[in-house]
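Summary of structural features
Here is what each chain is made of, one letter per residue.
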Amino acid sequence: MTNLPAAKRSSAASSWRPTACILCECNCGIEVQLGGENGRQLTRFRGDRAHPASQGYACEKPQRLDYYQNGRDRLTTPLRRRDDGSFEAIDWETAISEVAERLARVRDTWGGETIFYYGGGGQGNHLPGAYATATRRVLGSRYRSSALAQEKTGEFWVAQRMIGGYTRADFEHCEVALFIGKNPWHSHSIPRARVTLREIARDDKRALIVIDPRRSETAELADIHLQVRPGCDAWLVAALAAVISQEDLVDERFVASHVDGADVVRAALGEIDVASYCARAGVDEALVRRAARRIAAAESVATMEDLGVQMNRHSTLVSYLHRLSWMLTGNFGKRGTAYLPTAMVSLAGGSSNKLSPVAGARIIGGLVPCNVIAEEILSDHPKRYRAMIVEAANPAHSLADSQRMREALRALDTVVVIDVAMSETAREADYVLPASSQFEKAEATFFNFEFPHNTFHLRRPLLDAPDGPLPEAEIHARLVEALGALSDADVAPLRAAAEEGREAFAKAFMAKVMFDARLSPLAPVLLYRTLGPKLPEGMQESAVLWGLCYRYAMQHGASLGRALAAAGVEVPSAPGELAERLFDMMLERPSGVVFAIDDWVEQWKRVGTPGHRIQLALDDMLAEMRTLAEQDGGEIGDEYPLVLSAGERRAFTANTIVRDPAWRRKDAAGALRISPDDAKRLGVGDGDRVRLRTKRAAVVVPVEVSEMMQPGHISLPNGTGTAYPNADEQAGGVAPNELTASEDRDRFAGTPWHKHVPARIELL
Ligand SMILES: Nc1nc2c(c(=O)[nH]1)N[C@H]1C(S)=C(S)[C@@H](COP(=O)(O)OP(=O)(O)OC[C@H]3O[C@@H](n4cnc5c(=O)[nH]c(N)nc54)[C@H](O)[C@@H]3O)O[C@H]1N2
Ligand SMILES: Nc1nc2c(c(=O)[nH]1)N[C@H]1C(S)=C(S)[C@@H](COP(=O)(O)OP(=O)(O)OC[C@H]3O[C@@H](n4cnc5c(=O)[nH]c(N)nc54)[C@H](O)[C@@H]3O)O[C@H]1N2
Ligand code: SF4
Ligand SMILES: [Mo]
């Protein structure tokens, strides 16, 4: 490159195009070069230093993003299932009119509430869900779900009741970091995870505490690794809170000023026999006490729980107990501790006031627990779901009990799947609608959880959309039109206003749409059809964000004003103008923007519970905690003596976003990790193939003997075993949910026990 003449050099340099990695929720800003024969391959990658959150950071995975963009099972045309089960290509006009007709028939026969919506976005794309609200409203679809209801809903629910919202934590500045069932070295979820982990590990004054049965990469860096017996976190985390209370390590001033119910909780914690709980958790009591004292002594503690406990026994209880540890020690609302982020759009609701119509399961944050979806369908209940729209999700692979999920999908009257690839779920559909890839349209996510500076990244397309696929915005607009809900008369005046400019458009939109009960639910597609064409080339799909910017500016004008000022943008006072500036800034800055700047002292105003006080005593959780004394810990039966964690994050896993197993540079076959002790006992070595059996199914898988595993605990990766590119070719590992059972779930939130599947290994 240094040998190129100056002009060439600058044109080569200018061919770096900003976008984001879509392989985990961090969505690190990256820059990409295109190449290959047709110029449509993603060939070179680097971290984007201009991205406000990731600041040039990226892990190894985006190097392989072309496997997503140019996957061999990309969909190129709408498909319709024939009677014999095979698919035929159809044109868009036929597809849209038939899908609209079929769904309208379901609505008119059994009621719109029997049309279930699943998905709406994966790790990199949340605009589909925003547009789908219009289609759902026209159809009268009321029930929905997404992957969040198989991981986070228990946490959302207790967080809502304790502090009025979902908290995240400031790991960058904390003195002590605590990770419970979380391996950020591979799974990230916090910006620049590896840099932050290394900094904490290197600094004598800071400490990293990890609760994981496995010596994960993160645990390897830890000062204190509490190597819990698989599935016994409830005893361990209860013991941790009990030590804090019993040894008087509580932050009394914080509790007096900000906490209700501490006495009740401390009385309950006082009953806990710490030694016996630690024994049941399989962890040395002295180490637990050391961890509790280290947490209590710290100026600031940041904590995070994730799938290791959220997909495990007692998951909602553990979410509660986890919170006791930082709430009793005063770790909220100051630098290096927990905070309530400023949401652009809140994905993390925890309120619950409805039950699912068939199984009567608790709906949290509007989401039906994933583990009951099949039950909601495979029933003769009159309110059972009759149709399903699945968008940007792969429930036939990602939800518990794939066999039952397939059976449920087949039992429905109509299944419509909107995806970029021929996923396991698409294979079960009546209609498959091909979407443009995330690099062929404007996209963004609502995974915006940073504080005090929070980031939003509206990405520009890298490539023109090829013939065939359409962006979801266009698909939903066409569906809404085909359902007869939107006419030229609705669109024309807004289009005319958009011609005059955004001010005129805003006026017309507010006057015509905001208070019109028929049109306001259609706002996303109306914006796409009217404002969309006036947006810069390729950015039409961002139209819905205009409306979201207005809502955000009304709610968080002060945060937004500070962000605009810091960005050197003139700060108007009217919310409408603030919204317009934010929307402009998103469009103009392709590496992302800071959309909120906040102050720690304002955190208490956000606490949404009575009197802005933390509510420590949740009766149902305390009652559940008391039952721990009577349970005997981790023992499982002789028939299935091992605990399988089905779905570990590894170097080359990314749910099923990338489907070609060749993308995995390491671990192509998705090995089953087992401890050296178990390997010796069974007489197996690296690469040997064994049969892995659970009560649900048996699969054949190669073994990797790993020092990371403790005896009795075995682990499979997630996202493997995709049918690629043909249904009969199951290359590259095991699909983990062939092995899981939907009835194994949390009794409060219905979240699955994927990390705790009783299993046995048989020699072949
Ligand atoms: N590379 C990669 N990164 C990802 C993803 C990906 O697919 N690949 N997916 C993204 C998504 S969707 C999510 S939700 C996050 C999830 O991120 P994580 O929750 O960190 O991911 P996991 O590896 O599934 O589980 C974390 C840890 O739980 C441990 N564990 C297993 N059983 C137990 C137990 O009984 N108790 C405790 N305490 N721990 C246990 C495992 O050993 C593992 O180290 O990752 C995100 N990041
Ligand atoms: N046993 C077990 N099961 C698990 C887990 C586990 O640890 N163990 N982890 C769970 C977790 S935490 C999660 S988050 C889920 C994830 O599971 P899902 O939410 O089902 O997500 P993905 O598997 O990533 O599927 C995303 C789909 O979106 C498609 N897609 C990609 N880009 C686009 C686009 O631009 N438009 C459209 N319309 N589609 C697109 C992809 O082709 C893919 O089919 O898996 C869960 N399942
Ligand atoms: S996989 Fe996650 S952490 Fe790695 S570059 Fe992509 S978004 Fe960033
Ligand atoms: Mo997830």
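The structure under discussion appears in the preceding block.
What comes next is a walk through the structure. (Residues numbered from 1 in each chain as written. Chains lettered and ligands numbered in written order. Predicted model: local features only at pLDDT ≥ 70, side-chain atom pairs only at ≥ 80, totals over all residues. Heavy atoms only, no water.)

1. What about the overall build of the protein chain?
Scanning the protein chain from N- to C-terminus turns up 28 helices and 28 strands. Against the 2.2 N^0.38 benchmark of 27 Å for 764 residues, the protein chain shows a C-alpha radius of gyration of 26 Å, consistent with a compact globule. Overall size of the protein chain, expressed as C-alpha extent along the three principal axes, is 75 × 70 × 65 Å. Across the 764 residues of the protein chain, 61% fall into the buried class. By sequence separation, contacts in the protein chain at least 24 residues apart represent 74% of the contacts at least 6 residues apart. Surface exposure of the protein chain reaches about 28,100 Å², of which carbon and sulfur atoms provide 47%. (Helix = DSSP H or I, 4+ residues; strand = E, 2+ residues; numbered from the N terminus. Rg over C-alpha atoms; globule rule 2.2 N^0.38 Å. Buried < 20%, exposed > 50% of the residue type's maximum accessible area, 1.4 Å probe, protein only. Contact = heavy atoms within 4.5 Å. Areas by Shrake-Rupley, 256 points an atom, 1.4 Å probe, with all protein chains shown as cover.)

2. What about the pattern of salt bridges?
Going through the model one piece at a time under the given rule, you end up with 55 salt bridges. Asp 73 is the salt-bridge partner of Arg 659, the closest N and O atoms lying 2.9 Å from each other. With Arg 659 in the loop between β23 (642-648) and β24 (672-674) and Asp 73 in the loop between α2 (66-69) and β4 (79-81), the pair connects residues that are 586 residues apart, well separated along the chain. Take Arg 659 and Asp 73: they sit in the same class, and that class is buried. Close ionic contact of Glu 474 with Arg 529 constitutes a salt bridge, the shortest N to O distance being 3.1 Å. Placement of Glu 474 in helix α19 (residues 472-482) and of Arg 529 in helix α22 (residues 523-530) is noted, with a sequence separation of 55 residues between them. Note on accessibility: Glu 474 and Arg 529 belong to one class, buried. What emerges from the salt-bridge pattern is a single network uniting Arg 214, Glu 648, Arg 650, Asp 667, Arg 673 and Glu 704. (Salt bridge = Lys/Arg side-chain N within 4 Å of Asp/Glu carboxyl O.)

3. Describing the site of ligand 2
Lining the immediate environment of ligand 2, one finds 30 residues, of which Ser 398, Asp 419, Glu 472, Ala 646 and Thr 656 sit closest. At 2.7 Å, a backbone N or O of Ser 398 approaches a nitrogen atom of ligand 2. Measuring from a nitrogen atom of ligand 2, one finds a side-chain N or O atom of Glu 472 at 2.6 Å. Its free accessible area being 920 Å², ligand 2 has 96% of it covered by the protein chains. Mapped by element, the contributors of at least two residues to the shell around ligand 2 are β18 (414-419) and β23. Of the residues assigned to the shell around ligand 2, the class counts are 12 nonpolar, 12 polar and 6 charged. Split by domain, the residues of the shell around ligand 2 number at least three in each of domain 2 (79-151 + 349-434) and domain 4 (637-763). (Near = heavy atom within 4 Å. Polar contact = N/O pair within 3.5 Å; in protein donor to acceptor, adjacent residues only side chain to side chain. Nonpolar A, V, L, I, M, F, W, Y, C, P; charged D, E, K, R; others polar. Domains from an automatic or database assignment.)

4. Some words on the layout of surface pockets
Here the second largest pocket is characterised by a volume of approximately 570 Å³. Taken together, 35 residues make up the lining of the second largest pocket; nearest its centre are Glu 172, Pro 191, Tyr 339, Glu 450 and Phe 451. Shared between two domains, the lining of the second largest pocket takes at least three residues from each, and those domains are domain 1 (1-70) and domain 3 (154-343 + 612-627). (1 Å grid on protein atoms, 1.4 Å probe; cavity = no way out; pocket = protein on both sides within 12 Å on 5 of 7 lines; lining within 4 Å. Points joined across faces, edges and corners; volume = space filled by probe spheres on them.)

5. Digging into the nonpolar core
Core analysis: the largest hydrophobic core is formed by 106 residues, its most contacted members being Tyr 320, Leu 324, Ile 373, Met 388 and Leu 616. Looking at this core, the element that brings in the most residues is helix α9 (residues 233-246), giving 11 residues. For this core, the domains that each give at least three residues are domain 2 (79-151 + 349-434) and domain 3 (154-343 + 612-627). Beyond its immediate chain neighbours, meaning those up to four positions away, Ile 373 contacts Phe 116, Tyr 118, Ser 145, Val 368, Met 388, Leu 399 and Met 405. Within the second largest apolar cluster, 100 residues are counted, among which are Ile 389, Val 513, Leu 560 and Met 586. (Core = buried A, V, L, I, M, F, W, Y, C linked by side-chain atoms within 4.5 Å.)

6. Some thoughts on helix α7 (residues 193-202)
Taken together, the buried positions of α7 are occupied by Ala 193, Arg 194, Thr 196, Leu 197 and Ile 200. Along the long axis of α7, the arc covered by the buried residues comes to 165 degrees, so they all point the same way. The secondary structure elements touched by the buried residues of α7 are β9 (176-180), α6 (184-187), β10 (207-211) and α8 (217-221). (Arc of directions from axis to C-beta.)

7. Remarks on the sheet that holds strand β7 (residues 144-145)
Reading across from one edge, β5-β4-β19-β18-β17-β6-β7 is the order of the 7 strands in this open sheet, with mixed pairing throughout. Strands at the two margins of the open sheet, each flanked by one partner only, are β5 (87-89) and β7. The sheet contact formed by β4 and β5 spans 3 bridges and is antiparallel. Residue Leu 79 lies in a different strand from β5, and its bridge partner there is Ala 89. Set on the sheet, helix α4 (residues 127-139) makes contact with β6 (115-119), β7 and β17 (387-391); between it and β6 the angle comes to about 180 degrees. (Pairing = 2+ DSSP bridges. Axes fitted to C-alpha atoms, helices over the stretch in contact; angles between N-to-C directions.)

8. Comments concerning the site of ligand 1
Surveying the vicinity of ligand 1 reveals 32 residues, the closest of which are Ser 187, Asp 212, Asp 233, Thr 653 and Lys 755. Here a nitrogen atom of ligand 1 and a backbone polar atom of Gly 181 are 3.4 Å apart. Burial of ligand 1 by the protein amounts to 98% of the accessible area it has alone, namely 900 Å². When contributions to the shell around ligand 1 are tallied by element, the ones reaching two or more residues are α6, α14 (307-310) and β23. Taken together, the residues that form the shell around ligand 1 break down as 8 nonpolar, 13 polar and 11 charged. Counting contributing residues, the shell around ligand 1 receives three or more from each of domain 3 (154-343 + 612-627) and domain 4 (637-763).

9. Notes on the pairing of strand β26 (residues 698-705)
Taken together, the 3 bridges between β24 and β26 define a ladder with parallel strand orientation. Opposite Ile 674, over in β26, you have Val 705 as the bridge partner. From the end of strand β25 (residues 689-693) to the start of β26, which pair antiparallel, there are 4 residues.

10. Overview of the packing of helix α23 (residues 543-555) against helix α24 (residues 557-566)
For the pair α23 and α24, interaxial distance at closest approach is 5 Å and the crossing angle is 105 degrees. Our classification of the angle between α23 and α24 gives roughly perpendicular. Here Tyr 552, Ala 553 and Gln 555 of α23 lie close against α24, whose contacting residues are Gly 557, Ser 559 and Leu 560. Residues of the contact of α23 with α24, tallied by class, amount to 3 nonpolar, 3 polar and no charged. (Parallel < 35°, antiparallel > 145°, perpendicular 65-115°, else oblique.)

11. A closer look at empty space enclosed by the protein
Within this structure, the stated rule accounts for 5 cavities of 30 Å³ or more. Taken as a whole, the largest cavity encloses approximately 270 Å³ of empty space. Glu 25, Cys 26, Asn 27, Phe 447 and Glu 450 are the residues nearest the centre of the largest cavity, which is lined by 23 residues in total. Tallying contributions element by element places strand β20 (residues 453-456) first for the lining of the largest cavity, with 3 residues. A class-by-class count of the residues in the lining of the largest cavity yields 9 nonpolar, 9 polar and 5 charged. Looking at which domains feed residues into the lining of the largest cavity, each of domain 1 (1-70) and domain 3 (154-343 + 612-627) gives three or more. If you go around the second largest cavity, the residues you meet are Cys 21, Cys 24, Cys 26, Asn 27, Cys 28, Tyr 57, Cys 59, Lys 61, Pro 62 and His 188. Tallied by class, the residues present in the lining of the second largest cavity amount to 7 nonpolar, 2 polar and 1 charged.

12. Here we look at the packing of helix α21 (residues 502-514) against α22
Between α21 and α22, the least distance of the axes is 13 Å, while the angle of their chain directions is 145 degrees. In terms of crossing hand, the pair formed by α21 and α22 is right-handed. On α22, the residues touching Phe 505, Phe 509 and Val 513 of α21 are Ala 523, Leu 526, Leu 527 and Thr 530. Grouping the amino acids of the contact of α21 with α22 by side-chain chemistry returns 6 nonpolar, 1 polar and no charged. (Left-handed = near helix turned anticlockwise from the far one by under 90°.)

13. Observations regarding the packing of aromatic side chains
Within this structure, the stated rule accounts for 23 aromatic pairs. A centroid spacing of 5.9 Å and a plane angle of 75 degrees characterise the contact between Tyr 339 and Trp 600, whose relative ring orientation is edge-to-face. Of the two residues, Tyr 339 is situated in strand β14 (residues 338-339) and Trp 600 in the loop between β21 (593-597) and α26 (603-606); the sequence distance between them amounts to 261 residues. Neither residue differs from the other here; Tyr 339 and Trp 600 are each classed as buried. (Phe/Tyr/Trp six-rings, centres within 6.5 Å; stacked < 30°, edge-to-face > 60°.)

These values are about where atoms sit, not about what they do.
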